[in-house]
Amino acid sequence: MKIQSTTKLLYSELSYELQGACIAVRKSLGSGHKESVYHHALMEEFEKRGILFQHEPRIGVKSKSGRLLGYYQPDFLVGGKVILEVKAIYPLHQRFVDQLFDYLKNCDYELGYFVNFAGPRLYMKRIIYTNDRKVNFRGS
């Protein structure tokens, strides 16, 4: 029996391209480099694949009343839709993944990827936090 899902994957094509770029970087470099090396390699790979990105953009954090409280500065904003956090640390601590969750919780972006290049295998986590679930969110 075949079960069909009525749920569409959020930004499926962009997600596929982003994942492919991360895998290509890992295959090319392996593990053991500084985080900044992976940043530069990803920028090169995104450009090669024609993926739009911003490196270390400033994302505003607003209060419930809409007042600007400060800024987040994630590693990448990919395609204007997906936050990408990159690490090169082993062992991995949950607080790094939680940081991405906090970014998504307090801004208008709904999808994020956490990628760690340092472990024995490439670690990639996809996190979704849709705007309809955000209690304190006031979209811009």
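As shown above, the structure is provided for reference.
Here is what the cut-offs are and how they apply
Residues numbered from 1 in each chain as written. Predicted model: local features only at pLDDT ≥ 70, side-chain atom pairs only at ≥ 80, totals over all residues. Heavy atoms only, no water. Pairing = 2+ DSSP bridges. Helix = DSSP H or I, 4+ residues; strand = E, 2+ residues; numbered from the N terminus. Axes fitted to C-alpha atoms, helices over the stretch in contact; angles between N-to-C directions. Contact = heavy atoms within 4.5 Å. Phe/Tyr/Trp six-rings, centres within 6.5 Å; stacked < 30°, edge-to-face > 60°. Lys NZ or Arg CZ within 6 Å of the ring centre and 35° of its normal. Buried < 20%, exposed > 50% of the residue type's maximum accessible area, 1.4 Å probe, protein only. Lys, Arg positive; Asp, Glu negative; His and termini not counted. Salt bridge = Lys/Arg side-chain N within 4 Å of Asp/Glu carboxyl O. Polar contact = N/O pair within 3.5 Å; in protein donor to acceptor, adjacent residues only side chain to side chain. Expected span 1.5 Å × (residues − 1). Arc of directions from axis to C-beta.

A. Representation of the sheet that holds strand β7 (residues 123-128). Taken in spatial order, the five strands of this open sheet run β1-β4-β5-β6-β7, and their pairing is mixed. Of all strands in the sheet, those bounded by a partner on one side alone are β1 (53-55) and β7. Here the strands of the sheet are splayed against their neighbours by 20° on average, with no regard to which way each runs. Two elements, β1 and strand β4 (residues 76-78), share three bridges in a ladder whose sense is antiparallel. Within β4, the residue paired with phenylalanine 53 across the bridge is valine 78. Set on the sheet, helix α1 (residues 12-29) makes contact with β4, β5 (82-87), β6 (111-116) and β7; between it and β6 the angle comes to about 10°. Along the sheet, helix α3 (residues 94-105) makes contact with β5, β6 and β7, crossing β5 at roughly 160°.

B. Representation of the packing of aromatic side chains within the structure. Scanning the model with the defined rule gives seven aromatic pairs in all. Linked through ring pairs, Phe46, Phe53 and Phe76 together constitute an aromatic cluster. In this structure, arginine 58 packs its charged tip against the face of tyrosine 71, placed 3.7 Å from the ring centre.

C. Molecular detail of the side chain of glutamate 85. By the secondary structure assignment, glutamate 85 is in strand β5. No salt bridge is formed by the buried glutamate 85; the nearest opposite charge belongs to lysine 87, separated by 4.2 Å. Among the polar contacts made by the side chain of glutamate 85, one reaches the main-chain amide nitrogen of aspartate 75 at a distance of 2.8 Å. Contact partners of glutamate 85, with chain neighbours within four places excluded, come to Pro74, Asp75, Gln99, Leu100, Tyr103, Tyr113, Phe114 and Val115.

D. Local environment of α3. With 12 residues, α3 ought to run about 16 Å at 1.5 Å a step, and its terminal C-alpha atoms sit 16 Å apart, in line with that. Here α3 has its buried residues at Phe96, Val97, Leu100, Tyr103 and Leu104. Down the axis of α3, the buried set is contained in an arc of 110°. They therefore lie on one face.

E. Up close: the pairing of β6. Along β6, six of the six residues are buried, which leaves the element largely enclosed by surrounding structure. Of the two faces of β6, the one lined by Leu111, Tyr113 and Val115 and the one lined by Gly112, Phe114 and Asn116 are each fully buried. Pairing of β5 with β6, which is carried by six bridges, proceeds in the parallel orientation. Note that in β6 the partner of lysine 87 across the bridge is asparagine 116. Note that β6 and β7 share six bridges and pair antiparallel. Across the sheet, tyrosine 113 pairs through a bridge with arginine 126, a residue of β7. Turn length for the β6-β7 hairpin, with the two strands adjacent in sequence and antiparallel, is six residues.

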